[in-house]
Each structure stands twice: as C-alpha cells, then as structure tokens.
Amino acid sequence: MRLPTVSAVATGALAVAVAAALPAGAATHRRHFPRHQPHPAATTFSVGQLRADSPGAPGCGTNQAGEPSVHVSRAGLVAVASENGLGNGSEFWSAPQIGGPGASACGLTYRGQPNAFAHLGASGGDVDVAIAPVVDPSTNHYRIYTASLNLASVNVATSVDDGKSWSQVPVVEGVPVDDREWIAAYGPSTALLSYTDVLTGNIDELRSDDGGHTFFEQSQAITDNSKSSEIGNLVVDHRNASPTKGGFWAYQSYVSQSSSSSKNLDEAFLAVSQDGGASWVDRPIPCTRAFGANGLDHNFPNVSVAPDGTLFYAVSNDKAVYVAMSKDHGTTWTCSPPVSSTSKAIFPWIVATSAGEDLVYYGASGTGSNQIWSAYFAQNLTENVTGWSTKQVVTVHKGPVCESGISCNGGRQLFDDFGVDTDPSGWAHIAYSHDSPDLGGSGTYTGYAVQTGGSPVGYPN
C-alpha cells in the first residue's frame, strides 16, 4: 500500500496538524490537564513545493532542486536557496512572511538563479545562505549571501534587494578540490566563509569586509596536522561582544577522532574564534563520545548560538539525533539523551532562540526498501537539552538513504542537508528535499514548510 504524501499543488498549500510522537514508555500513560485548563494547541504546518519556472512569480509549483538552505532576516524576510547540482546553478526564493495562522508555504516568490553565470562558471553544489544582521545603510536592506560550490572554486552571490538581483564572484580559485562550504554574516557587510581543502584536510576560513566582493583567507580552523574530520556549519554571534577589540565570536562545527579512537570520527568538536575568524581554538565536546562509537560523521554536525550566547550543537550517529549545550563558549558541555523519536534519524539542523530551540531531522520507520522517511520537527520551550516534543511534518522518501555524497549509486534523493530557522516572532520555517514526483521516485524537489499553529519559540540570534 502506498502511503499518502503531504504535498501541495500550485493553487495552494495543505495545512496539516500532526500528533506528537510519544516518548519511550509513554504508551500506557495519559497526560492529564487541570480542570478548566485548555489543551495545548496542536502544532501545524503549511507545506508545499516551491515553483521555479518564472522569476518574480509567487506561489507553489514545481522545481528540480535539492539540499536547500533556509534563513529568515530580522525583518522577517524568508530566504530559501537550493541546488541543481554542480555546473547547473542554484535556485532562490524569498518573501516577507511571519508564521502563525494564515501563513502559507505558497507565500514565497521565485527569484531565479543567483549564480548561473556562464562566464564565471555556474556553481550549484552545496548551497548555503546567510543574511546580514544589520541593514546596509546605502540600500536600507539586509545583505543576503548565497554560497555555492564549483569544485575548483567557491562562488558567493550577494543581493541587496531581498534576492531580486545578484552580483557574484568566484572567491576561491586555484584550489584543486574544495568541498562543503559554509557562510555566516556579521554587521552590514562582513562575512566569513569556510570550506574543506580536500587534499590537505584543512578547514580554511576566509573573510570579506566589503559585502562579499572580495574574500581573503585569514586562518584555518583545523590544519594539516589535525586528524581526519568532517566539516559542519559556521555561525557568528551577532548579539554578544567579544573581548577582542574589533572582533566577534564565531563558531565552526566539525567531528573528528577522540584521543582514544584510532578509526572512527567519534567525537564532536567546535572551533572557536573571538577575533572575527583571525584565529581559532579547537574545543572537544567530550560527552558526545558516549554515543559516537560508530561515528558521528553523518551529514552534518550543526551548531547554533542563542541570543544570550548559549551554544546548541546537534549530531547524528546514524541511529539517533543528540544535542549538546554550552554556556561558556564551548569550554564545558552537557549532552542530551536521544532527541529523535524514530528508529533512525539523520541530517539534524538546530536553531537556538531567546525562548527555546527548534530542531529538524529526517527520521525513518520500517527497514530496507520499505523504509518511510519523514521530516521531523522537535521543539524545546526551555534553554535545555531535555524536554523535547516531536512532530512529523511531511513524508519525503521511501527506501534506503545513501549518505556517501557523490559516491552514491542510488538512494540519494534527500541529498545531504536541509534546515530550519525561526522568524522574529518565533515561528519555524523549514526547507527540505522530497522525492519527485512520488515517494521512491528518482528525482528530487525542494519543499518549504511554515509553522501555522502550536507554540512559537523566541527570536533567533
């Protein structure tokens, strides 16, 4: 029997209410509420497939992109980018939208391709988006950066009109093979860019202070002498001052081998900079070793910083998703038990806010060719690693999922990444990959989900 998918057509999005997944051992217990106290509102989402046929056109439709990135500006502009693959450019959608009742997955406008410029080489791999936290005084807009991979270069396209138009340059040239770039913004016109130098294993860190027109390598988060590793995302603290004059806090996530391991990448690490990326200190997260025996190199380790500076870090061991928390810039950590509620959970992405955290992951039920994968949404309304509630948002794939990147021979419809962000009112916005046209199909499309009911968290960093 084919399980129904949660999708949308071009004429509108389907709002779905999904029940919370029970924690282990809860099947024989019923939660009781005091008399006259209303039950909490069910968490709901509007979900739909984004269109990619006519730049400037709003609404749902069809696309052939995958592995999206999503961020929301301080003004509530939702920005989603997704890749068409190396050499084929990426797609971009944006529109002002605050979640809650009335929000729609068909509310974004297709803006075209930020980096499909033949004379500079169309990128299209491993897309990441960042939005400046401060308005550019010359344009009165928040600058948007869309980074994309092209093997021999990393391309960064920038927009100062909410994604309607772009300027871009290949910012890394002459590197034989680079992989999985990440970008983060600071102030009106500063950005950090990181990527892995495949030949050396370095995580190189570049900085731009002219709005993305030029980037210069200024440091390495890990160097040639480091153990093997897998890079994760890069974030900047926009709200808490660094003790270094003229600097700011920046954090680079990755997983590597613990001191007791000779094989597996069994421990999460965080490279910490307090001088705007000029230098880095690598800090282990020891409590992650408890669930890292079979490796934590499952795309991708992910870090987020709350407005008060608290760090939250999510990883998968290919079975479950775990979260670590630090209140002292990564010096000491506390780890959660499994946050995920499915038999297998991969690709976590977390956003820490002023009043809780939102987390997404792909979770599976069943085995082998009968595995059914969905995008799950976990929420914590406290600043803690325990106390999560979990919701199923949308079913996205049937069958195995390959996590070996371009080495996959099949089962890569979900690619390697997806994400969540919250808007200034605390509502969640999720961008995900989905089999196209049906579960188990050979193609992929990018979907978007916006939270329409339930509990919003706080504002992000």
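Just above sits the structure.
Parameters and conventions
- Residues numbered from 1 in each chain as written.
- Predicted model: local features only at pLDDT ≥ 70, side-chain atom pairs only at ≥ 80, totals over all residues.
- Heavy atoms only, no water.
- Helix = DSSP H or I, 4+ residues; strand = E, 2+ residues; numbered from the N terminus.
- Buried < 20%, exposed > 50% of the residue type's maximum accessible area, 1.4 Å probe, protein only.
- Contact = heavy atoms within 4.5 Å.
- Areas by Shrake-Rupley, 256 points an atom, 1.4 Å probe, with all protein chains shown as cover.
- Pairing = 2+ DSSP bridges.
- Axes fitted to C-alpha atoms, helices over the stretch in contact; angles between N-to-C directions.
- Salt bridge = Lys/Arg side-chain N within 4 Å of Asp/Glu carboxyl O.

1. Observations regarding the overall build of the protein chain
For the protein chain, the count of helices and strands is zero helices and 29 strands. In the protein chain, which comprises 461 residues, the proportion classed as buried is 60%. In the protein chain, once contacts between residues fewer than 6 apart in sequence are set aside, the share between residues at least 24 apart is 57%. As displayed, the protein chain offers around 17600 Å² of accessible surface, 52% of which is attributable to carbon and sulfur atoms.

2. Details of the sheet that holds strand β23 (residues 344-353)
With respect to topology, four strands assemble into an open sheet ordered β23-β24-β25-β26, the strand pairing being antiparallel. Bordering the open sheet on either side are β23 and β26 (389-398), each of which pairs with just one other strand. Strand-to-strand twist across the sheet, computed as the mean angle between neighbouring axes with direction ignored, equals 20°. By the bridge criterion, nine bridges tie strand β24 (residues 356-365) to strand β25 (residues 372-380) in an arrangement that is antiparallel. Counted as the bridge partner of Glu357 is Asn380 from β25.

3. A look at the pattern of salt bridges
All chains considered together, the criterion is met by nine salt bridges. Salt-bridge contacts for Arg412 lead to Asp416; the nearest nitrogen and oxygen are separated by 2.5 Å.

4. As for the environment of Lys319
Within the secondary structure layout, Lys319 lies in the loop between β20 (311-316) and β21 (321-326). Judged by its relative accessible area of 54%, Lys319 falls in the exposed class. When the C-alpha positions of Lys319 and Phe291 are compared, they lie 9.7 Å apart, and in sequence the two are 28 residues distant. Those residues within four positions of Lys319 in sequence are excluded, and the remaining contacts are Ser340, Thr342, Ser343, Lys344 and Ala345.

5. Some points on the sheet that holds strand β19 (residues 302-305)
Pairing within the open sheet is antiparallel, and its four strands lie in the order β19-β20-β21-β22. In this open sheet, the two edge strands, each paired with only one partner strand, are β19 and β22 (334-335). As paired elements, β20 and β21 share six bridges and run antiparallel to each other. When the bridges of β21 are listed, Tyr313 appears paired with Ala324.

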